[in-house]
Amino acid sequence: MTKYRVNKTKHVDQTKTVSFNFDGKSYHGFDGDTLASALLSNGVHLVGRSFKYHRPRGIMSSGSEEPNAICQINEDTDLTEPNVRATEIELYEGLKSSSQNCWPSVNFDIGGINNFISPFIPAGFYYKTFMWPKSFWKKIYEPLIRWSAGLGKSPTKPDPELYDHKHVHCDVLIIGGGISGIIASKIAAKNNLKTILIEDKNILGGSTIFQKNENYKINDKYSSEWIDEEIAELKKLDNLTIKTRTSLAAYHSYNYLLAKENISDHLPLDKRNGDIRQRLWKIRADKVIVATGAIERPLVFNNNDRPGIMLANSVKKYLDFYGVSCGFNNVIFTNNDSAYETAVSFKEKGISVEIIDIRKKSNSKIVKNAEKLGVKIYWNSTIVNTFGHRKINSIEIMNLSEDGSNVVGDKNRINCDCLAVSGGWTPMVHMHTQSGGKLDFRENDQIFIPTEIDKNHINVGSCNGDFELEEIINNTNKKVKNFLKVSETEFDNTSVLNSKELDKRNIWLLPNYISEGKCKSFIDFQNDSTAKDIKLALREGFKSIEHVKRYTTTGMATDQGKLSNMHALGIIADTAGVKMGTLGITTFRPPFTPLTFGSIVGRSVGKFFDIIRKTSIHEWHIQNNAKFENVGQWKRPWYYPINDESLHDAVQRESKAARDSAGILDASTLGKIDIQGTDASEFLNRVYTNTWSKLGIGKCRYGLMLNEDGMVYDDGVTTRLGENHYLMTTTTGGAANVLSKLEDYLQTEWPELDVYLTSVTDHYSTASICGPNSKKILTKIFPDKDFSDDAFPHMSYQNAKIDKISCRIMRISFTGELSYEINIESKYGKSLWEKCIEVGKEFKITPYGTETMHLLRAEKGFIIVGQDTDGTMTPIDLQMDWIVSKKKYDFIGKRSLYRSDTIRENRKQLVGLLTDDPNEVLEEGAQIVSDMKKKPIEMIGHVTSSYFSPNLNKSIALAVVKNGKKMSGQKLIVPMENKNINVTVSESVFLDKENKRINA
Amino acid sequence: MFLINCPYCGERDQSEFSCGGEAHIVRPKQPTELSDDQWAEYLFMRKNIKGVQFERWNHAHGCRKWFNMVRDTSNDKIHAVYKMGEKPPVE
Ligand SMILES: [Zn+2]
């Protein structure tokens, strides 16, 4: 046993030694320790350096509010994790941990030099200083800040562990397993309510579990004994699920809550077995009882941040729960009674302790208890300075003036190796405010307490401002009874004995004889902001608490200001001379404690990240060496390289084959919507820009769909299958949105139309065969069919059969070639495709992918919505005036086509671009300029599609250019990083302007 | 994350729904008769108030029906849910 382990407790098993490593050194702790308690048992206080000044910092607390003891664990493994609070991590065999934010070591820290130049690092320093000169930013300031301010290292490899999500519903959810949470759980579960109790620690009981003091008794037992019995009974209840190691992350509206359960983080790495590491619980509760307790406040005085300065109740927890004494020569600095319990605990174990109390006196029972044990108390006193570099070794105290605004008398130096501070308690109202609850300020003890408005949630215990045992038990019982409509409980006649706090005194910023500017009175320990920073911000004109917070970064570290927010508010109120309650409070946002990315994404990683949609022909594509492209959720063949052919070479070959003989494309992914109803024609009239009422049965038509703002939204070919029956195709990526948009109009604007829409995208597979030999191939597949241009003209469709399987043949073309699309029930897609390939062999039928499809259509100047359009292009901009009906009274977007902005002449318009050097292929997205001399150079457009056309043997591009319509033949420049490319504006149709190939 | 009482399916999680913005903005029957300003008023202007607001919602991952909802945007309390074409509740 190390010399600091002074006490045997049942919570730490001192027969089970656990070895661990911190900053390269080996230590021993015991089963039941946290990393923090184990370090303290070895006398290690110094665990990190502060963020801005790199001041030595020690363990300060024993919970999630810890600002200093932030570690990197298991470095050099895939499981490494930064920003882990040493106070929360349970010790396990082989745990490797290291200080963050210090280099080269925690004991010698180069960044500590910031501490000596700290007069130059006031609030807003980063905003002010690093603004100038601008050229310094990229090369000097940013690397410097990143290097010296890093908060740990992220893992470099994929997370090997599993994470899980679970949805649960319950009647009552209780957050927090302290005394009030235990009472509430028992009442709920015993009244036949399905109850869940979550607690972030590994055991229940809160701080009551180590409260063994004559002055605090329940039913004549020590409160710690009473709570042990309650916990034992609780575990027997059928309706209750107890989840320990589970912390609430977020409390959303309608009682929807997220909680993170740690399943294996407390196990040695070799015992984790690849099981689930953390589970995110998604809880929908009928009623929520918040019992999150309170956290102790520090006090704000000069040099209040040295290692060895800790929160008083945490010091008590280390002593009574973990059996570790944080010092042998302790001083307690307090403004309230609760710290006296720490003093009594020390004294009872024969450990030296003295108290400095800013109050003038107190005669409460617990104070008397301490006095009787011989604890020396300095009343009406404050600490004006502390000493000791790596750990505190002494303090200087002075008396307070009558009103507490100043110090008087002589300085008195006291030696100590641990300073336990208590500035009172702050209710943890985070959950209440996250749920939308409001707060009230309670003057007498300067706290914000919840005001209940939501009838489905209440706050009980010290998070509700009930701090004394008697009020905790009685008020919790009363409130829960009322909330759950229970008439009587076993807690109705509980007899409680507790010391009552009689005197209060609060001073947010303790006075000093040293001038304010020279004091280092820390408020936010993690972000290193001081009282001086807050005052400076106020002097510089910041008024809103939200602004002061951002300017000084107070409360913006990973602890979200759990220890600092109240002091910041208090100092602002004091300085500005306003009442604290009037300032409001900064917003607490989820998560309450940081969540791992793993727990957020759960199982949605790797192939489960998103749905992958494959066509029924997918296997064939794989067998034939297709490279795939993601289009929305679809995997589409991109190109089919032969041997180690490059993308470019494959596309050149595929494109040539499609125009010279025959190509085949898997077009199954195009969106397909089946439209039926007596008003189907009228419906299409309203949603497309062109006219549909006169389309004959068996005919196909290309349509352009606009948004109500006149901008092109989608396009595709629609076929009239019958009098009241159409099949619409959409772009692959736009299918779902188009269906939603059409449904929206049908349901909300035109409910009188008799039209029914059904998505049939997945119902059919489509093989699209194009090229001069396509007709011959089709004739071979369908020998009974007449494919003459008269019997089966372009833009028409016919039913057909392969063996006994029905299919639809559409003679439509996206390449400008003679082209047929065969649609067949999906399950026959692969057979159909294989048949086409087999029959097409003698014509060297060539499968081609999306890249070739894009090239072929670009040769014909056909647009791709989403590539050549970007939501700011009207059909007129695209030079597609021909498709906009002049006769139709209305269609979606029509009115917007003659708004003042859409009829503007100098809009960007779609044109063709030809490079002066026919071998030069432009980059898609490249900017276009006309005048390089006039500065600043005006960008008049950009390239939207660009390819080398093997059929034309030159480079072609589509572009949108301001006033492009009138620029035909004009020379423009595409400036690139190392050259300027000369181009000429051309028509957007490059090949077969007469459309002869369609009937070739 | 609220619970929404779909008028066709009953109470479901918010994640099944999508919001379609302000309700009761009727597409003009004769858009061509409108001035640019009048058309812009229909096309672009939405209130998005803090407080009780009438909204369109779609049970996108459910019955796919559109309906209207009265929601207080300041606290997400849903005061009423009603079908398309029905009159908004008077409060
Ligand atoms: Zn529904």
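In this text the structure is predicted, and so the values were computed from the model without any measurement.

### Digging into the overall build of chain B
Here is step 1: A count of helices and strands for chain B gives 1 helix and 6 strands.
Here is step 2: Referenced to the eigenvectors of the C-alpha coordinate spread, the extents of chain B come out at roughly 45 × 30 × 25 Å.
Here is step 3: The buried share among the 91 residues of chain B stands at 35%.
Here is step 4: Within chain B, contacts between residues at least 6 apart in sequence are counted, and of these 46% link residues at least 24 apart.
Here is step 5: Computing the positive centroid from 13 side-chain charges and the negative centroid from 13, chain B places the two 5 Å apart.

### Thoughts on the sheet that holds strand 23 (residues 407-415) of chain A
Residues and elements named next belong to chain A.
Here is step 1: Taken in spatial order, the 3 strands make up an open sheet running 21-22-23, and their pairing is antiparallel. Both outer strands of the open sheet, strand 21 (381-387) and strand 23, are each paired with one neighbouring strand and no more. Within the sheet, the average angular offset between the axes of one strand and its neighbour, ignoring direction, is 25°.
Here is step 2: Direction of pairing for strand 21 relative to strand 22 (residues 394-400): antiparallel, over a ladder of 6 bridges. Opposite Ser 381, over in strand 22, you have Asn 399 as the bridge partner.

### A short note on helix 14 (residues 565-576) of chain A
All names here are of chain A.
Here is step 1: Here helix 14 spans 16 Å end to end across 12 residues, near enough to the 16 Å set by a 1.5 Å rise per residue.
Here is step 2: Of all the 12 residues making up helix 14, 9 are buried; the element is thus mostly covered by neighbouring parts of the structure.
Here is step 3: Taken as a whole, helix 14 has its buried residues at Asn 565, Met 566, His 567, Ala 568, Leu 569, Gly 570, Ile 571, Ile 572 and Ala 573.
Here is step 4: Tucked into the core, helix 14 has its buried residues touching strand 25 (425-427), strand 26 (438-442), strand 27 (447-451), strand 30 (522-524), helix 12 (531-539) and helix 13 (545-552).
Here is step 5: After helix 14 finishes, the residue Gly 577 shows a positive phi value of roughly 70°.

### With respect to the interface of chain A and chain B
Here is step 1: With 27 residues of chain A in contact, the opposing surface of chain B contributes 27 residues.
Here is step 2: With both chains or domains summed, chain A and chain B bury close to 2400 Å², and 45% of this area falls on carbon and sulfur atoms.
Here is step 3: When residues of chain A are sorted by the area they lose upon contact with chain B, A:Tyr254, A:Tyr889 and A:Arg895 head the list and together hold 29% of the total.
Here is step 4: Counting the contacts that link chain A with chain B gives 5 salt bridges.
Here is step 5: The salt bridge partner of A:Arg895 is B:Asp36, with a shortest N-O separation of 2.8 Å.
Here is step 6: In this structure, the connection of chain A to chain B is made through 21 residue pairs in polar contact (both at pLDDT 80 or more).
Here is step 7: Of the residues contributing to the side of chain A that touches chain B, the split by class is 9 nonpolar, 8 polar and 10 charged.

### Quick word on the pairing of strand 6 (residues 77-83) of chain B
Here is step 1: The sheet contact formed by strand 5 (residues 66-72) of chain B and strand 6 of chain B spans 6 bridges and is antiparallel. Bridge pairing in strand 6 of chain B links B:Phe67 to B:Lys83.

### Considerations on the pattern of salt bridges
Residues and elements named next belong to chain A.
Here is step 1: A full pass over the atoms with the stated rule returns 67 salt bridges over all chains.
Here is step 2: Across the salt bridge formed by Glu 645 and Arg 653, the nearest N and O atoms sit 2.8 Å from each other.
Here is step 3: According to the relative accessible area criterion, Arg 653 is partly exposed, its value standing at 27%.
Here is step 4: Residue Lys 841 is joined to Glu 838 by a salt bridge in which the shortest nitrogen-to-oxygen separation is 3.6 Å. As far as burial versus exposure is concerned, Lys 841 and Glu 838 are alike and both exposed.
Here is step 5: The structure contains a network of salt bridges with shared partners spanning Asp 164, Lys 243, Glu 261, Arg 279 and Arg 603.

### Digging into the coordination of the zinc ion
Residues and elements named next belong to chain B.
Here is step 1: Coordination of the zinc ion by the protein comes from Cys 6 (SG), Cys 9 (SG), His 59 (ND1) and Cys 63 (SG), over a distance range of 2.0 to 2.3 Å.
Here is step 2: For the zinc ion, the 4 donor atoms in the first shell make angles of 105 to 115° at the metal, a pattern classed as tetrahedral.
Here is step 3: In primary sequence terms, the donor set of the zinc ion follows C-x2-C-x49-H-x3-C. Of this pair, Cys 9 sits in the loop between strand 1 (3-6) and strand 2 (10-13) while His 59 is found in the loop between strand 4 (52-58) and strand 5, placing the two residues 50 residues apart along the sequence.
Here is step 4: Given a relative accessible area of 1%, His 59 falls into the buried group.

### Examining a nonpolar patch on the surface
Here is step 1: Together, A:Phe597, A:Ile600, A:Val601 and A:Val605 give the surface a local cluster of nonpolar side chains, amounting to about 400 Å² of exposed area.
Here is step 2: Residue A:Phe597 is classed as exposed on the basis of its relative accessible area of 71%.

### A closer look at the sheet that holds strand 34 (residues 663-666) of chain A
Residue and element names in this part refer to chain A.
Here is step 1: With mixed pairing, 6 strands are arranged side by side in an open sheet as 41-42-43-40-34-44. Two strands in the sheet have a free side with no partner beyond their single neighbour: strand 41 (796-802) and strand 44 (846-847).
Here is step 2: Inspection of the sheet shows strand 34 paired to strand 44 by 2 bridges, in the parallel sense. Within the sheet, the bridge partner assigned to Ile 664 lies in strand 44 and is Pro 847.
Here is step 3: In this fold helix 20 (residues 774-781) packs onto strand 40 (764-770), strand 41, strand 42 (805-811) and strand 43 (819-825), with an angle of close to 30° to the strand it touches most, strand 43.

### Some remarks on unusual backbone geometry
Peptide bonds are mostly trans, and most non-glycine residues show a negative phi.
All names here are of chain A.
Here is step 1: Between Pro 590 and Pro 591 the backbone carries a cis peptide bond, its omega angle lying at -5°.
Here is step 2: With respect to the secondary-structure elements, Pro 591 resides in the loop between helix 14 and helix 15 (597-601).
Here is step 3: The backbone of Tyr 254 shows a phi angle near 55°, a positive value even though the residue is not glycine.
Here is step 4: Phi is positive for Gln 879, close to 60°, though the residue is something other than glycine.

### Remarks on the side chain of A:His854
Here is step 1: With respect to the element layout, A:His854 can be found in helix 22 (residues 850-859).
Here is step 2: What A:His854 contacts, discounting residues up to four positions off in sequence, is A:Ile864, A:Gln867 and A:Tyr947.

### Looking at the state of the cysteines
Residue and element names in this part refer to chain A.
Here is step 1: Summed over the entire model, instances satisfying the criterion amount to 0 disulfides over all chains.
Here is step 2: There is no disulfide at Cys 418, and the cysteine sulfur nearest it, in Cys 326, is 5.1 Å away.
Here is step 3: On the accessibility criterion, Cys 418 (0% relative accessible area) is buried.

### Things to note about the packing of aromatic side chains
Here is step 1: According to the stated counting rule, one finds 28 aromatic pairs over all chains in the structure shown.
Here is step 2: Measuring from ring centre to ring centre gives 4.1 Å for A:Phe542 and A:Tyr551, while their planes differ by 25°; the resulting arrangement is stacked.
Here is step 3: For A:Phe542, a relative accessible area of 25% gives the class partly exposed.
Here is step 4: Measuring from ring centre to ring centre gives 5.1 Å for B:Trp39 and B:Tyr42, while their planes differ by 45°; the resulting arrangement is tilted.

### Some remarks on the domain arrangement of chain A
Here is step 1: Domains assigned within chain A are domain 1 (13-125), domain 2 (162-294 + 427-498), domain 3 (298-423), domain 4 (666-711 + 718-856) and domain 5 (861-999).
Here is step 2: Centre-to-centre separation of domain 3 of chain A and domain 4 of chain A, based on C-alpha positions: 82 Å.

### Topic: helix 7 (residues 312-320) of chain A
Here is step 1: Of all 9 residues in helix 7 of chain A, 8 are buried, a share of seventy percent or more.
Here is step 2: The set of residues buried in helix 7 of chain A consists of A:Ala312, A:Ser314, A:Val315, A:Lys316, A:Lys317, A:Tyr318, A:Leu319 and A:Asp320.

### Focus on the environment of B:Leu43
Here is step 1: Along the polypeptide, B:Leu43 turns up in helix 1 (residues 36-44).
Here is step 2: Take B:Leu43: its relative accessible area is 14%, and that puts it in the buried class.
Here is step 3: Residues contacting B:Leu43, with those up to four places away along its chain left out, are A:Glu708, A:Asp709, A:Ser896 and A:Arg899.

### With respect to the confidence of the model for chain B
Here is step 1: In the predicted model, chain B carries a mean pLDDT of 94, and the fraction of residues at 70 or more is 99%.
Here is step 2: As scored by the predictor, the complex reaches a pTM of 0.88 and an ipTM of 0.97.

### Description of the side chain of A:Thr815
Here is step 1: With respect to the element layout, A:Thr815 can be found in the loop between strand 42 and strand 43.
Here is step 2: Among residues more than four places away in sequence, those in contact with A:Thr815 are A:Arg659, A:Cys770, A:Tyr848, A:Leu856, A:Lys860 and A:Phe862.

### Notes on the pairing of strand 37 (residues 712-722) of chain A
Residues and elements named next belong to chain A.
Here is step 1: Summarising burial for strand 37: 10 of the 11 residues are buried, a large majority.
Here is step 2: Examined bridge by bridge, strand 36 (residues 700-706) and strand 37 share 7 bridges and lie antiparallel to one another. From the neighbouring strand, Leu 704 faces strand 37, where its bridge partner is Asp 715.
Here is step 3: As consecutive antiparallel partners, strand 36 and strand 37 are separated by 5 residues, and within that stretch Gly 710 has a phi angle of approximately 90°, a positive value.
Here is step 4: One ladder, built from 4 bridges, connects strand 37 with strand 38 (residues 725-730); its direction is antiparallel. Along strand 38, the bridge assignment pairs Arg 720 with Tyr 726.
Here is step 5: Hairpin connection of strand 37 to strand 38: 2 residues between the antiparallel strands.

### Regarding the nonpolar core
One broad rule of soluble globular proteins: the nonpolar side chains tend to lie buried together.
All names here are of chain A.
Here is step 1: If you look at the biggest cluster of nonpolar residues, it comprises 83 residues, and the most contacted ones within it are Phe 20, Leu 35, Ile 59, Ile 179, Ile 289 and Tyr 318.
Here is step 2: Per element, the largest residue contribution to this core is 7 residues, and it comes from helix 5 (residues 179-190).
Here is step 3: Those residues in contact with Phe 20 that sit more than four places away from it in its chain are Lys 25, Ser 26, Tyr 27, His 28, Gly 29, Leu 35, Ala 38, Leu 39, Asn 42, Leu 91 and Leu 95.
Here is step 4: Of all hydrophobic cores here, the second largest spans 29 residues; its members include Ala 626, Ile 664, Ile 781 and Cys 836.

Analysis parameters
Residues numbered from 1 in each chain as written. Chains lettered and ligands numbered in written order. Predicted model: local features only at pLDDT ≥ 70, side-chain atom pairs only at ≥ 80, totals over all residues. Heavy atoms only, no water. Helix = DSSP H or I, 4+ residues; strand = E, 2+ residues; numbered from the N terminus. Buried < 20%, exposed > 50% of the residue type's maximum accessible area, 1.4 Å probe, protein only. Contact = heavy atoms within 4.5 Å. Lys, Arg positive; Asp, Glu negative; His and termini not counted. Charge placed at Lys NZ, Arg CZ, Asp CG, Glu CD. Pairing = 2+ DSSP bridges. Axes fitted to C-alpha atoms, helices over the stretch in contact; angles between N-to-C directions. Expected span 1.5 Å × (residues − 1). Buried area = accessible area lost by both parts, 1.4 Å probe. Salt bridge = Lys/Arg side-chain N within 4 Å of Asp/Glu carboxyl O. Polar contact = N/O pair within 3.5 Å; in protein donor to acceptor, adjacent residues only side chain to side chain. Nonpolar A, V, L, I, M, F, W, Y, C, P; charged D, E, K, R; others polar. Donors = N, O, S within 2.8 Å, 3.2 Å for Na, K, Ca; no water. Tetrahedral: all angles 85-135°; square planar, octahedral: opposite > 155°, others 65-115°. Patch = residues over 30% accessible without salt bridge, like charges linked within 9 Å, V, L, I, M, F, W, Y side chains within 5 Å. Areas by Shrake-Rupley, 256 points an atom, 1.4 Å probe, with all protein chains shown as cover. Disulfide = S-S within 2.5 Å. Phe/Tyr/Trp six-rings, centres within 6.5 Å; stacked < 30°, edge-to-face > 60°. Domains from an automatic or database assignment. pLDDT = per-residue confidence, 0-100. Core = buried A, V, L, I, M, F, W, Y, C linked by side-chain atoms within 4.5 Å.

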